[in-house]
Amino acid sequence: MWFCRADGQQWPCAEARLRLRLEFENNMPGLSIYLAGMFYEATKDLYHLNPHDGPTPRELYERFVAWGPFRKPAIEPPKTDGGS
């Protein structure tokens, strides 16, 4: 179900995120690749276990990928001309 063994929260919980940042401190591209892989695996597992009312793709993206490095917002903010 993708819950943390230590605290029972959805993985990656706050502590897991901190540990992952420390583990990949010198390899942020590696952390992004790892998180994308976990996103894929969790999506496959969670939809297999609960195909009708499981988490949405956006919820899973935010849970697994959006907090990591090199992320972009789901919607690009409008560009401003910078002048008044």
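For the structure itself, consult the block above.
These numbers come from a predicted model, not from an experiment.

A. A look at the overall build of the chain. When helices and strands are tallied, the chain shows three helices and zero strands. Buried residues in the chain amount to 26% of all 84 residues. Within the structure as shown, the chain displays about 6500 Å² of accessible surface, and the carbon and sulfur contribution to it stands at 57%.

B. Quick look at a nonpolar patch on the surface. Side chains of Met-1, Phe-3 and Leu-49 sit close together on the surface and give an oily, nonpolar patch of about 340 Å² of accessible area. Looking at the element boundaries, Phe-3 is found in the segment before α1 (14–23).

C. Representation of the packing of aromatic side chains. The tally for this structure, following the rule as stated, stands at five aromatic pairs. Members of the aromatic cluster, joined through ring pairs, are Trp-2, Trp-11 and Phe-64.

D. Highlighting the pattern of salt bridges. One pass over the full model with this rule turns up three salt bridges. Salt-bridge contacts for Arg-58 lead to Glu-62; the nearest nitrogen and oxygen are separated by 3.0 Å. Of this pair, Arg-58 and Glu-62 are both found in helix α3 (residues 57–64), four residues apart, which corresponds to roughly one turn of the helix.

E. Up close: the packing of helix α2 (residues 28–49) against α3. Close contact between α2 and α3 brings their axes to 9 Å; oriented N to C, the two are set at 140°. As far as their axial angle goes, α3 and α2 are oblique. In the crossing of α2 with α3, the sense of the turn from one axis to the other is right-handed. Contact residues: Leu-35, Met-38, Phe-39, Ala-42, Thr-43, Leu-46 and Tyr-47 in α2; Pro-57, Leu-60, Tyr-61, Arg-63 and Phe-64 in α3.

Calculation criteria
Residues numbered from 1 in each chain as written. Predicted model: local features only at pLDDT ≥ 70, side-chain atom pairs only at ≥ 80, totals over all residues. Heavy atoms only, no water. Helix = DSSP H or I, 4+ residues; strand = E, 2+ residues; numbered from the N terminus. Buried < 20%, exposed > 50% of the residue type's maximum accessible area, 1.4 Å probe, protein only. Areas by Shrake-Rupley, 256 points an atom, 1.4 Å probe, with all protein chains shown as cover. Patch = residues over 30% accessible without salt bridge, like charges linked within 9 Å, V, L, I, M, F, W, Y side chains within 5 Å. Salt bridge = Lys/Arg side-chain N within 4 Å of Asp/Glu carboxyl O. Phe/Tyr/Trp six-rings, centres within 6.5 Å; stacked < 30°, edge-to-face > 60°. Axes fitted to C-alpha atoms, helices over the stretch in contact; angles between N-to-C directions. Parallel < 35°, antiparallel > 145°, perpendicular 65-115°, else oblique. Left-handed = near helix turned anticlockwise from the far one by under 90°. Contact = heavy atoms within 4.5 Å.

Interpretation note: all reported values are geometric properties and have no functional meaning in isolation.
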